[in-house]
Amino acid sequence: MTAKQTSRWQSAGSSLLFAGNIFILFLVIFGNRVVLPPWLQVLGRMHPLLLHFPIVLILVACILTFIRLREPAAEAWKQQLASVLLLTGALSAVVTVIMGLFLSGEEGYNGSGTLQWHKWSGVTMCWLASFLYWFGQSEKSRPLLQKGGVLITAALLVITGHLGADITHGENFVLAPVNPAGKRPQVPFDQALVYEHLVKPVLQEKCMNCHNAGKAKGELAMELPQQLLKGGKSGKLFVAGKPDMSLLMERLHLPLDAKKHMPPAGKPQLTPEEADLLYYWIKGGADFKTKVAALPAKDSLRLLAAAMLEPAASTAPVYNFAAADEKLVQKLNNNYRVIYPVALNAAPLVVNCYNKDQFNSKSIEELLPLKKQIIEMHLQKMPVQDADLNIIAQFPELRVLNLSFTNVKGQTLSALAKLPHLESLSLSGTPVTLQQLQVLKTAPALKELYLWNTGLTAAELDKLPAAFKQVAIIKGFTDDGKQLLKLNQPLLLNTASVFHSTAQLLLKHPIKGVEIRYTTDGSVPDSINSPLFKDSLLLQNNTTIRAIACKKGWYASDPVQFSFYKSTYIPDSVVLLTQPDGTYAGSGAKTLCDGQKGGMDQGNGKWLGYVKEPMSAMLLFKQAIPLQSVSVGILRNINGYIFPPAKIEIWGGADAQHLKLLKRIIPAAGKKDDPAAAMEIAAAFPVTNVSCVKVVMEPLLKIPGWHPGKGNRGWAFADELLLN
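Report follows, based on the coordinates. Keep in mind the model is a prediction, meaning the values are calculated, not measured. (Residues numbered from 1 in each chain as written. Predicted model: local features only at pLDDT ≥ 70, side-chain atom pairs only at ≥ 80, totals over all residues. Heavy atoms only, no water.)

On to the overall build of the protein chain. When its secondary structure is counted, the protein chain shows 17 helices and 23 strands. In the protein chain, which comprises 724 residues, the share counted as buried stands at 43%. Nonlocal contacts in the protein chain, meaning residues at least 24 apart in sequence, comprise 66% of its contacts between residues at least 6 apart. Summed over its atoms, the accessible surface of the protein chain is roughly 38,700 Å², and 56% of this surface lies on carbon and sulfur atoms. (Helix = DSSP H or I, 4+ residues; strand = E, 2+ residues; numbered from the N terminus. Buried < 20%, exposed > 50% of the residue type's maximum accessible area, 1.4 Å probe, protein only. Contact = heavy atoms within 4.5 Å. Areas by Shrake-Rupley, 256 points an atom, 1.4 Å probe, with all protein chains shown as cover.)

If you want it as structure tokens, here you go:
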């Protein structure tokens, strides 16, 4: 290109640069009143694509400004190159700024915080780069002033880029590797706040990249409690006390490839512990000021919080001893005694003993080679004698000792008082006396003493706290008839919910004297008129049982429901002709005939999930069976993109080459407000002798327009096939 051509190009470029800066000024002043057509919105979204050009061009031009060449011709050529690069960089900066102003007007971006700083620093940098180009073309330009302007422009360029990264990737993006914003503060356990020190860091690390003051996708910002409570375009983020009805938990548990899954695919996902933390925080009322230490000792949120707090903030003990020989530990393990470390690759060991008929003093003596590693010994309900306590006293690292309901009478408790680290001792269910317990006052580390259901009177138990000032005395609950308590629900002893001929329903309750009342018609049982459950109940067909526990002087339990399904025929083999999608592979073909229902949790490994193609399964029988119905267990979770199948077909015949259609069912389409449910779709047909059955289940091809996933394919889930 000749000097004349270069001059013409620069003149045209200078005019474009001036016009572009005037347009930027117009957008800055009147941008809020401008409604962009869709094609300009597309142009605005190309802002991240173009912004790297002005960065490189302007920085190179800035560097050339500080370089001096000896030869005049070379210096003139260098200055010309710097001028062309600065003009090109300024022009691309103008286009980039215009695109950015278009983009900032879209939903999900607001006019505060980081966005404002990014906007004004970008506009200022663009104007300054333009001024530097025009100033450099002037005959009155001063090198010193130009160099100062170059340094300011470069600094603004770096600041603008950093702020842009914060908007796109979240605050602290650049420094996150050395100063992670989501890192949980190191605070003492008794000072830790559930939200501030546990929940907020998770949201900062996994959510606030897209939901912050500068980039509030879906009109949702999550930096402040009031923003979390307000929610976004899709509604409230959570319902305090009801995590199962909360949008936050719903989005977290959508399939990873679902459009509305959060965080989006490709972004760091929440760990199971972090998802559980949010679940239990919402379940506990989603309070922003609760202390971890104020939660009940066995509360799930407290246990999770204690595990997630920084190790430096925890009160976990330090064990100064080496690990035991693994071969020795394996040798001492047997069917009646289990020895295992408190954690993977940890030195401290825990001992559990089972089967009192196989237990004797040698069961403890044999553990002495591990006396420097055993910190817990659980001997409850074993025939431990007083003499055995002298052997137990030889385990110097023992912290927890459970002697509940053993044969200990309390005559040798003084031996346990010598253990230097014993913190928790359980003597519940033993006939220890108040006088015998006095020797434990000298135990240096004792913190907990379990004494419920012992020979101690209520008056004697009341005296103990004064004698053991630093020890928590756990006395248990005494039913004096003055307090009405609510019974817990009946327990189901049956291990399988699918039976083949008949089944005996087995229910029990752990409290003596409790009656179990039940119904089989779906109604809620009552404590007077409903049938009384005795030893068992014969089940011959599909049955739904609702039961309550009742006892005089107690409130009846909440009703509990159990469903049982009859499947007369068991196939000799099952083959999946099409494979499930994603992680929803269950136990393979076995999932369809393993006697286990999937329940409501789609991710529990008991469901087969299909979205890309229909499920096709072949069931084979060595001998022909007279089949008259097939029921397919399905899952419906509209918010989770799981819809009733579009179609189910049952084929049958003598073999795979001679099948005929026995039944085709078009299930009712999923509706917007349908609750999540596990259900059966039954296909009945005239009795047909078959040796081969083929079941085809087609997923929904197109999700309706009212759903966030409109136009995409829906998921179809299947668990058990019932053959009758």
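Attention shifts here to the pairing of strand 19 (residues 615-636). A large share of strand 19 lies buried, amounting to 16 of its 22 residues. Pairing of strand 17 (residues 573-576) with strand 19 involves four bridges; the strand directions are antiparallel. Bridge pairing links L576 to A617 in strand 19. Taken together, the 17 bridges between strand 19 and strand 22 (residues 677-698) define a ladder with antiparallel strand orientation. By the bridge assignment, M615 is partnered in strand 22 with M697. Examined bridge by bridge, strand 19 and strand 23 (residues 716-723) share four bridges and lie antiparallel to one another. Across the sheet, residue S631 finds its bridge partner in strand 23, namely L722. (Pairing = 2+ DSSP bridges.)

The next subject is the packing of helix 11 (residues 272-283) against helix 12 (residues 300-308). Two elements in contact, helix 11 and helix 12, have axes whose closest approach is 9 Å; the angle formed by their N-to-C orientations is 145°. As for how helix 11 packs across helix 12, the hand of that crossing is left-handed. Facing helix 11, whose interface residues are E273, E274, D276, L277, Y280 and W281, helix 12 presents S300, L301, L304 and M308. Classifying every residue of the contact of helix 11 with helix 12 gives six nonpolar, one polar and three charged. (Axes fitted to C-alpha atoms, helices over the stretch in contact; angles between N-to-C directions. Left-handed = near helix turned anticlockwise from the far one by under 90°. Nonpolar A, V, L, I, M, F, W, Y, C, P; charged D, E, K, R; others polar.)

Even without being glycine, N355 reaches a positive phi, approximately 65°. Position of N355 relative to the elements: it lies in the loop between strand 2 (349-353) and helix 14 (361-365). Among the residues examined, N355 registers a relative accessible area of 34% and is labelled partly exposed. Here the phi dihedral of Y641 falls at roughly 70°; this positive angle occurs in a residue that is not glycine. Of the residues examined, Y641 reaches a relative accessible area of 4% and is grouped as buried.

What follows covers the sheet that holds strand 9 (residues 498-499). Judged by pairing direction, the sheet is mixed, and its five strands sit side by side in the order 9-16-15-12-13 without closing on themselves. Looking at the sheet topology across the chains shown, the edges are occupied by strand 9 and strand 13 (532-533). In this structure, strand 12 (residues 515-519) lies alongside strand 13, joined through two bridges in antiparallel fashion. Bridging across to strand 13, R517 finds its partner in L532.

This part is about the pattern of salt bridges. Counted under the stated rule, the structure contains 13 salt bridges. The residue R664 makes a salt bridge to E649 at a minimum N-O spacing of 2.8 Å. Highlighted residues: R664 in strand 21 (residues 659-665) and E649 in strand 20 (residues 647-653), separated in sequence by 15 residues. We classify E649 as buried; its relative accessible area is 10%. Overlapping salt bridges bring together K647, E649, R664 and E698 as one network. (Salt bridge = Lys/Arg side-chain N within 4 Å of Asp/Glu carboxyl O.)

With that settled, the discussion passes to the sheet that holds strand 3 (residues 374-378). Across a sheet, strands are paired by hydrogen bonds formed along the backbone, either parallel or antiparallel in direction. What the seven strands build is an open sheet, ordered 1-2-3-4-5-6-7; its pairing is mixed. Two strands in the sheet have a free side with no partner beyond their single neighbour: strand 1 (337-341) and strand 7 (472-474). Across the sheet, the axes of successive neighbouring strands diverge by a mean angle of 15°, strand direction being ignored. Here strand 2 runs beside strand 3; their pairing, made up of four bridges, is parallel. Within strand 3, the residue paired with V350 across the bridge is E376.

Bringing the pairing of strand 23 into the picture now. Counted residue by residue, strand 23 has eight buried out of eight residues, so it is predominantly covered. Sheet analysis places strand 18 (residues 608-610) next to strand 23, joined by three bridges and oriented antiparallel. Opposite Y610, over in strand 23, you have A716 as the bridge partner.

Tallied over the entire structure, the rule returns 13 aromatic pairs. Each ring, one from Y518 and one from F533, has its centre 6.2 Å from the other, and the planes form 85°; the classification is edge-to-face. Taken as a pair, Y518 in strand 12 and F533 in strand 13 lie far apart in primary sequence, 15 residues in all. The exposure class assigned to Y518 is buried, which follows from its relative accessible area of 13%. The structure contains a cluster of three or more aromatic residues connected by ring pairs, namely Y195, F238, W281 and F288. Stacked on the ring of Y565, the Lys or Arg K597 has its end atom at 4.6 Å from the ring centre. (Phe/Tyr/Trp six-rings, centres within 6.5 Å; stacked < 30°, edge-to-face > 60°. Lys NZ or Arg CZ within 6 Å of the ring centre and 35° of its normal.)

Its place among the elements puts V342 in the loop between strand 1 and strand 2. Classification of V342 as partly exposed rests on a relative accessible area of 41%. Along the backbone, V342 and I375 are 33 residues apart, and their C-alpha atoms lie at a distance of 9.0 Å. Leaving out residues up to four positions away in the same chain, V342 has contacts with P348, V350 and I375.

Right, let's talk about helix 8 (residues 194-206) for a bit. End to end, helix 8 covers 17 Å across 13 residues, agreeing with the expected 18 Å (1.5 Å per residue, within 8%). The axis of helix 8 is deflected most strongly, by about 35°, at K200, and proline P201 appears within four residues downstream. Of all the 13 residues making up helix 8, ten are buried; the element is thus mostly covered by neighbouring parts of the structure. Of the residues making up helix 8, those classed as buried are V194, Y195, H197, L198, V199, K200, P201, V202, L203 and K206. (Expected span 1.5 Å × (residues − 1). Bend = angle between axes of the 7 residues up to and from the residue.)

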